[in-house]
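Close look at the chain arrangement
What follows is each chain in one-letter form.
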Amino acid sequence: MLTQVNEQYERMPDAFKGHFTTDENGEIVNLRTADESSKMMRLFFDQKEV
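These figures come from a predicted structure and were not determined experimentally.

**A word on the overall build of the chain**
The helix and strand tally for the chain stands at 2 helices and 2 strands. Mapped from its N terminus to its C terminus, the chain presents α and β elements in the order α-β-β-α. For the chain, the spread of C-alpha atoms along the three principal axes comes to 35 × 25 × 10 Å. Per-residue burial for the chain yields a buried fraction of 10% across its 50 residues. Long-range pairs, those at least 24 residues apart, make up 24% of the contacts in the chain with a sequence separation of at least 6. Here the chain displays about 4400 Å² of accessible surface, and carbon together with sulfur accounts for 53% of that area. On the chain, the mean spot of the 6 positive side-chain charges and the mean spot of the 10 negative ones are 8 Å from each other.

Written out as structure tokens, the structure reads:
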């Protein structure tokens, strides 16, 4: 199961990776600000003309 999840993650565009992780307690830890994440995703969609 974890292998499948990792393979799916690797196929995702970079614009959707690395925005958050979880700590040892399973709590979400943001790696980027909401503004940074939004800009990356907007750029991705603008390039795809979506």
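**A look at the pattern of salt bridges**
For the coordinates displayed, the defined rule picks out 4 salt bridges. The residue Lys-39 makes a salt bridge to Asp-35 at a minimum N-O spacing of 3.2 Å. You can see Lys-39 and its partner Asp-35 sitting in helix 2 (residues 34-48), 4 residues apart, about one turn around the helix. The salt bridge involving Asp-46 is made with Arg-42; its shortest N-O contact spans 2.9 Å. Within this pair, Asp-46 and its partner Arg-42 are both found in helix 2, separated by 4 residues, close to a single helical turn. Since its relative accessible area comes to 44%, Asp-46 is described here as partly exposed. Here Arg-42 falls in the partly exposed class, since its relative accessible area comes to 44%. Where salt bridges share partners, they join Glu-10, Asp-14 and Lys-17 into one cluster.

**As for the environment of Asn-6**
Its location among the elements puts Asn-6 in helix 1 (residues 2-11). Given the relative accessible area of 42%, Asn-6 is considered partly exposed. Between the C-alpha atoms of Asn-6 and Arg-42, which are 36 residues apart in sequence, the distance is 24 Å.

**Quick notes on helix 2**
The end-to-end C-alpha separation of helix 2 is 21 Å, in line with the 21 Å expected for 15 residues at 1.5 Å each. Looking at the residues trailing helix 2, positive phi occurs at Glu-49, about 55°.

Conventions used here
- Residues numbered from 1 in each chain as written.
- Predicted model: local features only at pLDDT ≥ 70, side-chain atom pairs only at ≥ 80, totals over all residues.
- Heavy atoms only, no water.
- Helix = DSSP H or I, 4+ residues; strand = E, 2+ residues; numbered from the N terminus.
- Buried < 20%, exposed > 50% of the residue type's maximum accessible area, 1.4 Å probe, protein only.
- Contact = heavy atoms within 4.5 Å.
- Areas by Shrake-Rupley, 256 points an atom, 1.4 Å probe, with all protein chains shown as cover.
- Lys, Arg positive; Asp, Glu negative; His and termini not counted.
- Charge placed at Lys NZ, Arg CZ, Asp CG, Glu CD.
- Salt bridge = Lys/Arg side-chain N within 4 Å of Asp/Glu carboxyl O.
- Expected span 1.5 Å × (residues − 1).

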